[in-house]
Every structure is written in structure tokens, then in C-alpha cells.
Amino acid sequence: LQNAVDDGALHVRFEPNQQKGLAVRHDGRRFNALDVLGLSSVGLSTKGDGQKRTIGFMGIGFKAVYKRFARVVIHDQLWRFSFEEPVQKGGIVQPKSA
């Protein structure tokens, strides 16, 4: 929700699905390569450059999502990737093609 607001969304939908989990959809700005990198990195964010006021800017908020769920899929018309819980404890969460 924070990313949707920060990216100018006027409409946000939450769609629960028993087989696939929860889908969050919004009509805000599409992803670009820097956004994907920001979601994949701790402390790296495309927000907080002082040009616009945003809720998120430290690159941490989204990480709480994949701390709670075993698999998170992110996609728009250009990008599609996922984060999955590591098989072994202490493993690193890395994005992969979904």
C-alpha cells in the first residue's frame, strides 16, 4: 500500500485468494529497473531524493512483506519476478524470474 501511494495510485485493490494468497493491485506508476533493484536491496531506494514527499524512503518497508510470506510475486506489464523463502536457514533472499 505504501508503494502504491508513493507512486501516485488513485485506486488500490486487495484480492484474497485461498490458493494463491493475497493480490494487491494499484494504478500507480509502473516499475523501472531502479525500482526492481531497490526492492532487491536493503537500504537502497529510489525514494527520498527530496523531489517529492513519500512514505517509504529507506528500502525496508517492502522487506517486511517477504518476511511474513514464503513467496512474493511482483509484476506489471514489463517486469515479473518473485522472492522466495530460502530452503536452508540463514540463506539469502534473492529475486528470480517468476
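Residues numbered from 1 in each chain as written. Predicted model: local features only at pLDDT ≥ 70, side-chain atom pairs only at ≥ 80, totals over all residues. Heavy atoms only, no water.

Enquirer: Where do I start with the pairing of strand 3 (residues 71-75) in this structure?
Expert: The side chains of a regular strand alternate between the sheet's two faces. The alternating pattern of strand 3 places Val72 and Ile74 on a buried face and Arg71, Val73 and His75 on a face that is not buried. Here 5 bridges tie strand 3 to strand 4 (residues 80-84), and the two strands are oriented antiparallel to one another. Looking at the pairing, valine 73 lines up with serine 82 of strand 4. In sequence, strand 3 turns back onto strand 4 through a hairpin of 4 residues. (Buried < 20%, exposed > 50% of the residue type's maximum accessible area, 1.4 Å probe, protein only. Helix = DSSP H or I, 4+ residues; strand = E, 2+ residues; numbered from the N terminus. Pairing = 2+ DSSP bridges.)

Enquirer: Quick question: what am I supposed to make of the side chain of aspartate 35 here?
Expert: Mapped onto the fold, aspartate 35 is located in helix 2 (residues 33-40). At 2.8 Å, the side chain of aspartate 35 forms a polar contact with the side chain of arginine 29. (Polar contact = N/O pair within 3.5 Å; in protein donor to acceptor, adjacent residues only side chain to side chain.)

Enquirer: Even after reading the chapter, I still don't get the nonpolar core, so can you show me in this structure?
Expert: Looking at soluble globular proteins, one finds that nonpolar side chains tend to be buried together. Formed by Val36, Leu39, Phe62, Val72, Ile74, Phe81 and Phe83, the largest nonpolar core amounts to 7 residues. Taken together, the elements giving at least two residues each to this core come down to helix 2, strand 3 and strand 4. In this structure isoleucine 74 touches Phe31, Phe62, Trp79, Arg80, Phe81 and Phe83, once residues within four positions along its chain are discounted. (Core = buried A, V, L, I, M, F, W, Y, C linked by side-chain atoms within 4.5 Å. Contact = heavy atoms within 4.5 Å.)

Enquirer: Hey, could you run me through the packing of aromatic side chains in this one?
Expert: The description of an aromatic ring pair uses the distance of the two centres, along with the angle that the planes make with each other. Summed over all chains, the structure comprises 2 aromatic pairs. Look at phenylalanine 81 and phenylalanine 83: their rings are 5.8 Å apart centre to centre, the planes differ by 80°, and that puts the pair in the edge-to-face class. You'll find phenylalanine 81 and phenylalanine 83 in the same group, each marked buried. Every member of this aromatic cluster is reached through a ring pair, and the members are Phe31, Phe81 and Phe83. (Phe/Tyr/Trp six-rings, centres within 6.5 Å; stacked < 30°, edge-to-face > 60°.)

Enquirer: Hey, could you run me through helix 2 in this one?
Expert: Structurally, the α-helix is built with 3.6 residues per turn, so residues lying three or four positions apart point the same way. Taken residue by residue, helix 2 has Asp35, Val36, Gly38 and Leu39 as its buried positions. Seen from one end, helix 2 has its buried residues packed into an arc of 160°, which puts them on one side. (Arc of directions from axis to C-beta.)

Enquirer: Please clarify how the confidence of the model for the protein should be interpreted in this entry.
Expert: Any segment with low pLDDT has predicted coordinates that should not be analysed in fine detail. Chain-level pLDDT for the protein is 76 on average; 66% of the residues reach the 70-or-more range. Per-element mean pLDDT across the protein ranges from 67 in strand 5 (residues 95-97) up to 93 in strand 1 (residues 12-17). (pLDDT = per-residue confidence, 0-100.)

Enquirer: I would appreciate a short explanation of a nonpolar patch on the surface in the present structure.
Expert: Among the surface-exposed residues, Leu1, Val5, Phe14, Leu22 and Val24 lie close enough to one another that they form a single nonpolar patch of about 490 Å² accessible area. The topology assignment puts valine 5 in helix 1 (residues 2-6). (Patch = residues over 30% accessible without salt bridge, like charges linked within 9 Å, V, L, I, M, F, W, Y side chains within 5 Å. Areas by Shrake-Rupley, 256 points an atom, 1.4 Å probe, with all protein chains shown as cover. Salt bridge = Lys/Arg side-chain N within 4 Å of Asp/Glu carboxyl O.)

Enquirer: Looking at this model, I keep getting lost on the environment of valine 5. Mind explaining?
Expert: By relative accessible area, which is 47% here, valine 5 ends up partly exposed. In sequence terms valine 5 and glycine 28 are 23 residues apart; their C-alpha atoms lie 7.5 Å from each other.

Enquirer: Explain the pairing of strand 1 here, please?
Expert: Relative to strand 2 (residues 21-26), strand 1 runs antiparallel, the two sharing 6 bridges. Residue arginine 13 lies in a different strand from strand 2, and its bridge partner there is arginine 25. Joining the antiparallel neighbours strand 1 and strand 2 is a turn of 3 residues.

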